[in-house]
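As a plain string of letters, each chain reads:
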Amino acid sequence: MYEEIRTAIEVISAIMCFILLRFMIKPYEITGESRYLGLPLGFGFLGVTHAISAFAYYMESYLPIIFSRNIFYIQLIARTFAFLFIAITYYFSKKPNKNSRLTWKISLILFIALLLASLLIVSIPDLTIQIYRLTRSYLRVFNLIIILYICTHTFRSHIAKPDPKTIWIPLGYVFLAVSQYSLLLWQFDGGIYAFFAGLIFRLIFLSVFLIVTYGSFYQIKKRSRDEDRT
Amino acid sequence: MDLFTKSKRGLEMKIARRDKMKIYNDLLSILQSEINGEEVILTRLQLKLNVPFDRLKVYLKQLRELDLINDETSPKLTKKGKQYIHEYEKVLDFMKRMGLKYQ
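In this convention, every chain numbers its residues from 1, walking through the sequence in written order. Think of it this way: whatever chain is written first is A, whatever ligand is written first is 1, and the rest follow in order. For a predicted model such as this one, the threshold for reporting local features is a pLDDT of at least 70, and the threshold for listing and counting side-chain atom pairs is 80 or more; totals across whole chains, interfaces and linings nevertheless cover every residue.

## A closer look at the overall build of chain B
Helix and strand content of chain B: five helices and zero strands. Helices and strands appear in chain B in the N-to-C order α-α-α-α-α. Partly exposed residues are those whose C-beta has more than 12 but fewer than 20 other C-beta atoms within 10 Å; 20 or more makes a residue buried and 12 or fewer makes it exposed, with C-beta atoms placed from the backbone. When the 103 residues of chain B are sorted by exposure, 21% land in the buried category. Secondary structure elements follow DSSP: runs of H or I no shorter than four residues count as helices, runs of E no shorter than two count as strands, and numbering proceeds from the N terminus.

## Things to note about the overall build of chain A
In terms of regular secondary structure, chain A is built from eight helices and zero strands. Ordering the α and β elements of chain A from the N terminus gives α-α-α-α-α-α-α-α. Split into buried and exposed, the 230 residues of chain A put 36% on the buried side. By the convention adopted here, residues make contact when the C-beta atoms placed from their backbones lie within 7 Å. When contacts within chain A are restricted to residue pairs at least 6 apart in sequence, those whose partners lie at least 24 apart make up 73%.

## Remarks on the interface of chain B and chain A
The partner chain A presents 25 residues to the 19 residues of chain B that form the contact. Ranked by the residues each element gives to the side of chain B that touches chain A, the list is headed by helix α5 (residues 79-98) of chain B, at 12 residues.

## A few points about the confidence of the model for chain B
Residues and elements named next belong to chain B. Confidence of the predictor in every single residue is expressed as pLDDT, which spans 0 to 100. Across chain B, pLDDT averages 77, with 77% of residues at or above 70. Looking over chain B, one finds the lowest element-wise mean pLDDT in helix α1 (residues 2-14), namely 39, and the highest in helix α4 (residues 53-65), namely 89. Note on residues 1-16: pLDDT is under 50 here. Beyond four places in sequence and across chains, it has one contact. The ipTM, which scores confidence in the relative placement of chains, is 0.81 for this predicted complex, and the corresponding pTM is 0.80.

## Some points on the environment of A:L46
Residue and element names in this part refer to chain A. Among the structural elements, L46 can be located in helix α3 (residues 38-59). Distance from L46 to F81, taken between C-alpha atoms, is 8.8 Å for residues 35 residues apart in sequence. With residues near it in sequence (within four places) discarded, L46 still touches C17, R79 and A82.

## Here's the deal with α4(B)
All names here are of chain B. To estimate how far a helix should extend, the number of its residues minus one is multiplied by 1.5 Å. In this model, α4 (13 residues) spans 18 Å end to end at C-alpha, consistent with the 18 Å of a helix rising 1.5 Å per residue. Of the residues making up α4, those classed as buried are L56, Y59, L60 and L63. Buried residues along α4 cover an arc of 100 degrees about the axis, so they all sit on one side. Along α4, exposed side chains directed more than 90 degrees from the buried face belong to D54, V58, K61 and E65. Among the structural elements, α2 (20-33) and α3 (42-49) are those in contact with the buried residues of α4. Throughout, the arc means the angular range of directions from the helix axis out to the C-beta atoms.

## As for the packing of α2(B) against α3(B)
Residues and elements named next belong to chain B. The angle between two axes is taken between their N-to-C directions and runs from 0 to 180 degrees, where each axis is a line fitted to C-alpha atoms and a helix contributes only its stretch in contact. It is at 10 Å that the axes of α2 and α3 come closest, and there the two elements cross at 130 degrees. On the basis of their axis angle, the class for α2 and α3 is oblique. For the pair α2 and α3, the crossing hand works out as right-handed. Contacts from D26, L27 and I30 in α2 reach L45, K48 and L49 in α3. When its residues are assigned to classes, the contact of α2 with α3 shows four nonpolar, no polar and two charged. With respect to orientation, any angle under 35 degrees is reported as roughly parallel, any angle over 145 as roughly antiparallel, any angle of 65 to 115 as roughly perpendicular, and every other angle as oblique. Two helices crossing with the near one rotated counterclockwise from the far one by less than a right angle form a left-handed crossing, whereas a clockwise rotation gives a right-handed crossing. By the convention adopted, Pro, Cys, Tyr, Trp, Phe, Met, Ile, Leu, Val and Ala count as nonpolar, Lys, Arg, Asp and Glu as charged, and the other residues, Gly among them, as polar.

Listed below in structure tokens is the structure:
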């Protein structure tokens, strides 16, 4: 029963991430600034990791243990990189000059190289379940730190120019942080409530983002159509 | 010399550099606000956009090639031009809500 709910939540999360990806690429498309590429990369990677998780949960009993462990490793690493890509987009969004553009490009290449190297390492079949659990703990703590950085950045930009419209995204990231924290708790105490709280908070985070995106792209569209008519 | 360099730097700090997309949007928005049946005067457009005349000509040529305006000498917004302004506004609003800075 739990497996089915878990798989369903992962599938829903993957779909929501891919819908968001379509809109996250727009800042890059319209400005042509590569420093905004981290957003679509981040949400794309998140979507892929949720799709991988759904597949792994669904096929857990059919797949050989080494193969399924490698899949979990890949999703663990790719998810950390997804958060990293989103965080560096926020970091570079405040520094629009020639040097920062170059640094951004170098960082992006480095991160992609690092991601590929990590994926190669985890394909080693000797990795035990203990190493996996340890890696998972460290990466979840690291993810939490990255998300807290994003929360601080978005809260700061909201405080700099307070607007009721800009409060939702920092709150969304807070939900994501709570989700990561719940998953970390689940890892230590094994409680099913912490695990499902983690998944539900993640769904809330993605829902907030979808609502904000809808507000930006479709309410303005409606407004401008009304203006055109008048 | 020093004073000149200093003041130039100060000016650069005060006026944020506009990228091409921002200039396109500014130019198209001016054209949209100018719609009143009269012919658009290029020198007035240049003053409002705050760019040299030769650069304005280049931008108008590029916008014409992109089919965002219908003519370089007497520019008027096309349907695609209007769509560009709306899309630009939407993306800027989205970036603002996302907590991203754009200059």
